Structures are given as C-alpha cells and as structure tokens.
Amino acid sequence: MASGGELINNKQVIFKNFVEGFPKESDMEVKTSSISLKVEEGSNAVVVKNLYLSCDPYMRNRMTQSDQETNDPEFIPFTPGSPLEGFGVAKVVDSGHPNYKKGDLIWGMVKWEEYSLIENPQLFKIHHADVPLSHYTGILGMPGITAWAGFYEVCSPKKGEKVYISAASGAVGQLVGQFAKLMGCYVVGSAGSKEKVDLLKNKFGFDDAFNYKEEHDLDAALKRCFPEGIDIYFENVGGKMLDAVLLNMRLRGRIAACGMISQYNLHQPEGVYNLMNIVGKRIRMEGLMAFDYFPQYAKFLDVVLPFVREKKVVYVEDIAEGIESAPAALVGLFSGRNVGKQVVAVAKE
C-alpha cells in the first residue's frame, strides 16, 4: 500500500454502475481523489504514472454484472464506484518490488487514473523505447499478441491461402491482415465506413475490402470476394457475419475466434444457423485469449519488433488527449467512431 509522502491530486475514471445495452459516457464519471507517490516500506507494491490507456472492446464484458465465477481478467466485472481498469503504458514513480525500479517504463493492467498503486505487479518492462510508447497498448501489447497468436499459432497459415478478417481496421484486424500479406496470402477485410475500407486497401495493403453496412447480402459479398472460398477467417464480429462466413469456408478451413463485437450490447445474443458447415467442411474453430500467450511475449517481440522497425507493418492509432476524454473514447468503440487502435494519452513521460 501507499503510505507517507505528500498526497497529490489524482483524476480517475469511475465506473458508476452495471450497464445494459450500449454503454454511455454517463455510465462513467471523472473524479479527483488523492494518492501518495510513495509505497509503504517493506511493501511489494509499485506506484506508476500512467502515460497511455488502451480502449478495448473486451472491456464491455466487464461492464455487465455476472453470476459466473471467473479468474480471467477479461471477464471479471468492474466494481461500481471504483476506477475502470485496462491495459496501459506507465512509468514507475516508486517501487518496493525487486523487479521494478523508479524510472522503469512498463505496460500491463492499470487503473484508469493519472497515478496507480499496484499491489501485486505483473507488468511487462519496456526495453525497446525506440518505437512510440503508445505502441505498447497495441501492436507491441495485448492486441499485437492477439493478432500474432491468432494468426500464426491458431490458424497455422500457409502461403497462398485465402484470409478474411472482419472489423479489419481495428487494433487487431489491421495487424492480422498485414501478417497474412507478409506470408503471401490473399487478404480481404470488412469495415464500417468508406474511410476504413480505403485504409485497408491503400495503407495496410489488403487485396480487397468492403463496407459491410452497404452490403444487403453478406453471403453474396463474400462469394464476390472469395469465389473459391475462405481458408482462414479471423473472427471479430460474430452474429450474421459468422453465419455468412460459415457458408463460404473451404474444406479444412480454420477460424480464430478473437471477439464478437456485434453481440456485446445485445440483451439476447443472435443465433448462428449454419454451424453444420463445421462438420461437413471439417472446419476447426478455436477461441483465443491474449493472456494464454503472455509467456511467449519474448518470442512475439522477436517476430514483430523487426516488422515495426523495418516498416514492414504499419500501425494506425486514434489518440484521444487527456483522461477526461477516456469515457467518450471507450464508448466510441461500439459505434465504430475510432479509426485504428483507440488510445487515451494521459500524460507525457
């Protein structure tokens, strides 16, 4: 715990109460509390100054009250009256932990506030600061590991295969598409605006892309883009999109189920009707959670860091300035307001 030392003001984004339907900015409020920047003598805790906060779709799950017991950090509900928490980039201000010292740059789970006291820190130290620190909320953080593990480990891709990615301009999708292109795959993505479709084709190098909001028949859209069918589907959307994809998968196709953002705000999830295709086409569909692959973080960096440094992969971020902008930035994910990875810049280093 923090003890002693001068107390300073600490702005926090407080979660007010559990949410039904689409989250609103009014479900959160920015309040000012106080915090000591010193940890108690003998404590293993650290105090960090938060620099960047990551807005991620999975956070919607944590806004819902749940009767199910879970130890998975992506599904433990937020506590009403307390700050939200999520992945962030921070600088250690004081430490009682032998693995962290003052001045260390870290990324990991932090509270949505200017300064955080972390009692049992399980944080990644940032050893490579020659790339933008905000990248550790995205391409070099949880979304990057998700894209890398989902594509390479779950989907076992081969050169020349046909890859489809939904929500393809987001934090994970934009990376999966570029990884697939580097492997020599044919890549198509879908997104929700002309601007995002242009980004997929002209910045990320996708072979084709379409605006799902302009397609009245998703099955027909996929048949137009994949006349020979889909080998790999990176699933970020669920619902009607998944149903249409199942009709277009090839024999022994693979589906990496990363998320299903179309379902998060529904009172009653949509049914999926074409599941028998999994049997007839011998499709393998596997869910993945980034946490399962954190022990392989060094292996991930060995692959992806050179891509970043050599500009073989580009990464688009949508940065909101100031902790006061955090509620709007998070809510905007669910209407597609962001272009690229949504980040909140809290402070300069």
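Residues numbered from 1 in each chain as written. Predicted model: local features only at pLDDT ≥ 70, side-chain atom pairs only at ≥ 80, totals over all residues. Heavy atoms only, no water.

Draft legend 1. Summary view of the sheet that holds strand E9 (residues 186–191). Pairing within the open sheet is parallel, and its 6 strands lie in the order E10-E9-E8-E11-E12-E13. Each edge of the open sheet carries a strand with a single partner, namely strand E10 (208–211) and strand E13 (284–287). The mean angle between the axes of side-by-side strands here comes to 15 degrees, regardless of whether they run parallel or antiparallel. Pairing of strand E8 (residues 162–165) with E9 involves 4 bridges; the strand directions are parallel. Following the sheet pairing, Ile165 is matched in E9 by Gly189. (Pairing = 2+ DSSP bridges. Helix = DSSP H or I, 4+ residues; strand = E, 2+ residues; numbered from the N terminus. Axes fitted to C-alpha atoms, helices over the stretch in contact; angles between N-to-C directions.)

Draft legend 2. Structural detail: the nonpolar core. Among the nonpolar cores identified, the biggest contains 90 residues, and Leu84, Trp107, Trp112, Leu140, Phe179, Tyr297 and Leu330 are the most heavily contacted of them. A domain-level breakdown of this core finds at least three residues from each of domain 1 (7–138 + 316–345) and domain 2 (142–291). Ranked by size, the runner-up nonpolar core spans 19 residues in total, among them Val188, Tyr233, Val237 and Ala244. (Core = buried A, V, L, I, M, F, W, Y, C linked by side-chain atoms within 4.5 Å. Buried < 20%, exposed > 50% of the residue type's maximum accessible area, 1.4 Å probe, protein only. Domains from an automatic or database assignment.)

Draft legend 3. Molecular detail of the packing of helix H1 (residues 142–154) against helix H2 (residues 173–182). Remark: H1 packs on H2, axes separated minimally by 9 Å, with the N-to-C direction vectors making an angle of 45 degrees. As the angle between them shows, H1 and H2 are arranged oblique. As H1 runs across H2, the sense of the crossing is right-handed. Of the residues in H2, those touching H1 at Pro143, Gly144, Ala147, Trp148, Phe151 and Tyr152 are Leu175, Val176, Phe179 and Ala180. Classifying every residue of the contact of H1 with H2 by side-chain character gives 9 nonpolar, 1 polar and no charged. (Parallel < 35°, antiparallel > 145°, perpendicular 65-115°, else oblique. Left-handed = near helix turned anticlockwise from the far one by under 90°. Contact = heavy atoms within 4.5 Å. Nonpolar A, V, L, I, M, F, W, Y, C, P; charged D, E, K, R; others polar.)

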